[in-house]
Amino acid sequence: MEGFLEIISKRSMPGVLIFDLDERLLFANGEALELVPGLAGEPIERLSVWEGIRRLLAFLKEHPAEPASRRNISPLRVMETGDGSVCSLRASYLGAAGRSEKPTHVMVLVERVVEKHGVDLERAGRQFGLSQREQQVLQLICQGFMNRDIGERLFISEHTVKDHVKNIMKKMGVGTRSEIMAVLQ
């Protein structure tokens, strides 16, 4: 148990953003102000992070009653900050204490993603016979990006990304993204 407490005590506090159901930012804690460049001085709608947050909010609106365990997609996005680090964005409803009550707000957690260790993509490419593009997709998978975000970064369609992911999994002999990560460690 002490090992877990030590790990937890080293984690940084997440940034917290609270939105009303009309997508207006009502609250941002100090950690959010540090993690989201420009948040202290600009309206959030003008910041590059807004598109990712807007997608999270839209996802929640599209899946209002589905518990997270039944969703095919997690309401999660990844963003780069101004200093080159990577943060994850996760959203959930607030204010629904009982099952019959409707939510009143949305909380978005902003957390810095800390990479355990780098993946040697060239070695993985040689070992599994991955093309240059598959190595690029693999790198973004390792950074936690979803297919849609990978497509946007590489200027290819989400369908093409899915094909690359399938090919990577086939060449690596795995069936999930988690297994990809396990094989690379």
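Up top you'll find the structure we're talking about.
It should be emphasised that the depicted structure is a prediction, and the values quoted were computed from it without experimental measurement.

All right, on to the environment of Leu140 then. Relative to the helices and strands, Leu140 is located in helix α5 (residues 132-142). We classify Leu140 as buried; its relative accessible area is 8%. Each C-alpha atom of the pair Leu140 and Leu154 lies 9.6 Å from the other, and the pair is 14 residues apart in sequence. The residues touching Leu140, leaving out its near neighbours within four places in the chain, are Phe145, Ile150, Arg153 and Leu154.

This brings us to the packing of helix α4 (residues 121-128) against α5. In contact at an axis separation of 10 Å, α4 and α5 are set at 125 degrees when each is read in the N-to-C sense. Relative to α5, the element α4 lies oblique. Considering only the axes of α4 and α5, their crossing is right-handed. Contacts from Leu121, Glu122, Ala124 and Gly125 in α4 reach Gln135, Leu138 and Gln139 in α5. Of the residues assigned to the contact of α4 with α5, the class counts are 3 nonpolar, 3 polar and 1 charged.

Secondary-structure assignment places Asp20 in strand β1 (residues 15-20). A polar atom in the side chain of Asp20 sits 2.9 Å from the backbone nitrogen of Asp22. Once residues lying within four places of it in the same chain are set aside, the contact partners of Asp20 are Leu26, Thr104 and His105.

With that out of the way, let us pick up the sheet that holds strand β3 (residues 76-80). Backbone-to-backbone hydrogen bonds join strands into a sheet, with any given pair of strands oriented parallel or antiparallel. Read across the sheet, 5 strands follow the order β2-β1-β5-β4-β3 without closing on themselves; strand pairing throughout is antiparallel. Bordering the open sheet on either side are β2 (25-28) and β3, each of which pairs with just one other strand. Each strand axis lies, on average, 25 degrees off the axis of its neighbour in the sheet, ignoring direction. Note that β1 and β2 share 3 bridges and pair antiparallel.

The next thing to look at is the packing of aromatic side chains. Throughout the structure, instances matching the rule amount to 1 aromatic pair. On the basis of an interplanar angle of 40 degrees and a centroid distance of 6.1 Å, the ring pair of Phe19 and Trp50 is categorised as tilted. Residue Phe19 is located in strand β1, and its partner Trp50 is located in helix α3 (residues 50-62); the two are separated by 31 residues in the primary sequence. When its relative accessible area of 0% is taken as the criterion, Phe19 is described as buried.

This next bit is on the packing of α5 against helix α6 (residues 147-154). Running from N to C, α5 and α6 cross one another at 130 degrees; their axes reach a closest spacing of 10 Å. Between α5 and α6, the angle falls in the class oblique. Crossing geometry of α5 relative to α6 is assigned as right-handed. Mapping the contact onto sequence places Arg133, Gln136, Val137, Leu140 and Ile141 in α5 and Ile150, Arg153 and Leu154 in α6. A class-by-class count of the residues in the contact of α5 with α6 yields 5 nonpolar, 1 polar and 2 charged.

Thresholds, definitions, all that
Position numbers for residues start from 1 in each chain and track the written sequence from start to end. It should be noted that, the model being predicted, local features are given only for residues of pLDDT at least 70 and side-chain atom pairs only at 80 or more, the latter also being counted only at that level, while totals for whole chains, interfaces and linings use all residues. Only heavy atoms go into the side-chain values, all of them from the structure, while hydrogens and water stay out. Secondary structure elements follow DSSP: runs of H or I no shorter than four residues count as helices, runs of E no shorter than two count as strands, and numbering proceeds from the N terminus. Three labels apply to residues, based on accessible area from a 1.4 Å probe with only protein chains included: buried if under 20% of the type maximum, exposed if over 50%, partly exposed otherwise in between. Residues are treated as being in contact if the distance between any of their heavy atoms lies within 4.5 Å. Note on definitions: angles span 0 to 180 degrees between N-to-C directions of axes, and those axes are lines fitted to C-alpha atoms, for helices only across the stretch in contact. Any angle from 65 to 115 degrees is called roughly perpendicular, while one under 35 is roughly parallel, one over 145 is roughly antiparallel, and all others are oblique. What makes a crossing left-handed is the near helix being turned counterclockwise from the far one by less than a right angle; a clockwise turn instead makes it right-handed. We call Asp, Glu, Lys and Arg charged. Ala, Val, Leu, Ile, Met, Phe, Trp, Tyr, Cys and Pro are nonpolar, and the rest, Gly among them, are polar. Under this definition, polar contacts are N or O atom pairs within 3.5 Å; protein pairs additionally need one hydrogen-donor-capable and one acceptor-capable atom, and for neighbouring residues in sequence, both atoms have to be side-chain atoms. When DSSP locates at least two bridges between a pair of strands, those strands are taken to pair. Here is the rule: rings of Phe, Tyr and Trp (six-membered ring for Trp) pair when centre to centre is within 6.5 Å. Planes less than 30 degrees apart are stacked, more than 60 are edge-to-face, and the remainder are tilted.

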